[in-house]
Amino acid sequence: MSAIPQSMSERADALELEQMRALDGRVIVKSLLFHLAEGRQSMGPPVNYGPGMHLHMGEDARLPKMPDKPTLMDFFKHRFAQSRGLQHLLQSANLAQKNGLPEKMVLACLLHDIAVVGFIRSDHGYWGAQLIEPYVDEEVSWAIRMHQCLRFYPDESVGYGYPDVYVRMFGADYKPDAYIEADYQRAKNHKWYMSGRMICVNDLYSFDPNVVVTLEQFEDVIGRNFKQPKEGLGNDNTPSSHMWRTLRRPCNAL
Ligand SMILES: [Fe+2]
Ligand SMILES: [Fe+2]
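Enquirer: It is not clear to me how the overall build of the protein should be interpreted in this structure. Could you clarify?
Expert: In terms of helices and strands, the protein carries 13 helices and 3 strands. Dimensions of the protein, computed from the C-alpha atoms along their principal axes, are close to 65 × 45 × 40 Å. Counting across all 254 residues of the protein, residues that qualify as buried make up 28%. Sequence-distant contacts in the protein: of pairs separated by 6 or more residues, those separated by 24 or more amount to 71%.

Enquirer: Help me understand helix H4 (residues 84-98), please; the structure alone is not making it clear to me.
Expert: Think of an α-helix as turning once every 3.6 residues; residues three or four places apart then point the same way. Taking 1.5 Å per residue as the helical rise, H4 with its 15 residues ought to reach 21 Å, and the 20 Å between its terminal C-alpha atoms agrees with that figure. Looking at H4, one finds that the buried residues are Gln87, Leu89, Leu90, Gln91, Ser92, Ala93, Asn94 and Ala96. Close packing links the buried residues of H4 with helix H5 (103-111) and helix H6 (114-118). Two residues or fewer after H4 comes Gly100, characterised by a positive phi angle close to 75 degrees.

Enquirer: Would you take a moment to explain the nonpolar core for this structure?
Expert: Nonpolar side chains in soluble globular proteins tend to be buried together. One finds Ala93, Val106, Leu107, Ala108, Cys109 and Leu110 to be the most contacted residues of the largest nonpolar core, which totals 43 residues. Secondary structure elements with two or more residues in this core: helix H3 (72-78), H4, H5, H6, helix H7 (124-132), helix H8 (138-150) and helix H11 (193-201). When sequence neighbours within four positions are dropped, the list of residues in contact with Ala93 reads Val106, Cys109, Leu110 and Phe218.

Enquirer: I keep staring at the environment of Leu215 and nothing clicks. Help me out?
Expert: In this structure, Leu215 sits in the loop between H11 and helix H12 (219-225). What makes Leu215 partly exposed here is the crowd of 17 C-beta atoms within 10 Å. In this structure Leu215 touches Met73, Phe76 and Leu90, once residues within four positions along its chain are discounted.

Enquirer: What am I meant to see in the packing of H8 against H11 here?
Expert: A pair of packed helices can be characterised by two numbers: the angle between their axes and the separation between those axes. Two elements in contact, H8 and H11, have axes separated by 8 Å at closest approach and are oriented at 60 degrees. In terms of axis orientation, H8 runs oblique to H11. Handedness of the crossing formed by H8 with H11: right-handed. Residues Glu139, Trp142, Ala143, Ile144, Met146, His147 and Leu150 of H8 lie in contact with H11, whose contacting residues are Ser195, Gly196, Arg197, Ile199 and Cys200.

Enquirer: Help me understand the packing of H5 against H8 in this model?
Expert: Interhelical geometry of H5 versus H8 gives an angle of 40 degrees and a closest axis separation of 9 Å. With respect to each other, H5 and H8 are oriented oblique. Handedness of the crossing formed by H5 with H8: right-handed. Counted together, Lys104, Leu107, Ala108 and Leu111 of H5 and Glu139, Val140, Ala143 and Ile144 of H8 form the full contact between these two elements. In terms of residue class, the contact of H5 with H8 is made up of 6 nonpolar, no polar and 2 charged.

Enquirer: Would you take a moment to explain unusual backbone geometry for this structure?
Expert: Excluding glycine, residues mostly carry a negative phi; peptide bonds, for their part, are mostly trans. Of note, the phi angle at Asp123 is positive, near 55 degrees, even though the residue is not glycine. For Asp123, the position within the fold is in the loop between H6 and H7. What makes Asp123 partly exposed here is the crowd of 15 C-beta atoms within 10 Å.

Enquirer: Got a minute to help me understand the environment of Gln148 in this structure?
Expert: Among the secondary structure elements, Gln148 is positioned in helix H8. For Gln148, a count of 25 C-beta atoms within 10 Å puts it in the buried group. Separated by 62 residues in sequence, Gln148 and Asn210 place their C-alpha atoms 28 Å apart. Setting aside chain neighbours within four positions, we find Gln148 in contact with Asp123, His124, Gly125, Tyr126 and Ile180.

What counts as what
Residues numbered from 1 in each chain as written. Chains lettered and ligands numbered in written order. Predicted model: local features only at pLDDT ≥ 70, side-chain atom pairs only at ≥ 80, totals over all residues. Helix = DSSP H or I, 4+ residues; strand = E, 2+ residues; numbered from the N terminus. Buried ≥ 20, exposed ≤ 12 C-beta atoms within 10 Å, placed from the backbone. Contact = placed C-beta atoms within 7 Å. Expected span 1.5 Å × (residues − 1). Core = buried A, V, L, I, M, F, W, Y, C linked by C-beta atoms within 7 Å. Axes fitted to C-alpha atoms, helices over the stretch in contact; angles between N-to-C directions. Parallel < 35°, antiparallel > 145°, perpendicular 65-115°, else oblique. Left-handed = near helix turned anticlockwise from the far one by under 90°. Nonpolar A, V, L, I, M, F, W, Y, C, P; charged D, E, K, R; others polar.

Listed below in structure tokens is the structure:
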């Protein structure tokens, strides 16, 4: 019987080794970010290369297979979280549609939390905007970037108050960081301010679990407003192609 690891770090290493399993003779290693998220400034335990054992590179057989030329819909279906987060986006876009917003703003609502359902929560507005920027109207990515700050500040003119849910989520005395305040000051005088604000207005913090909105409802909106590259997302050559590739193959060793 092996010795019981003593420290948290040793226990985590042992667990990591257990989880680090061969995939067709390829060892999966995780990026620092995954370890930081567990509160560990580490890159995991060292890899013991056995005979014929290498690090994993390429398609990850543990995840749903992606087509060679993936579309936004493929990422929604095969990579993004299939959870309440996704329903949040769908219901938000549904509300925007019902409220008669222009189509590109329906797309903005559909994609406003793409970072959260797609890969990362922290600074999600900025990450999400960067991810889609090459493929959408500039106003759409601007609005998504700026909903990050605008959602913390009320605008009585459109009936948007500080969300009650934020009091529960962050505490009554939570103050946004200085960079959020600074971006708000920049955004509120911008020509597209109201587009960013419309994301907040249609950002449903609680939704009716009995109403199920499907992604297919927005297939045409995506088709007309998201410039799908013919090579497939990640195979094209834009400033965010690497982000799509990393989403597709998150455990590539390098
Ligand atoms: Fe958001
Ligand atoms: Fe949201």
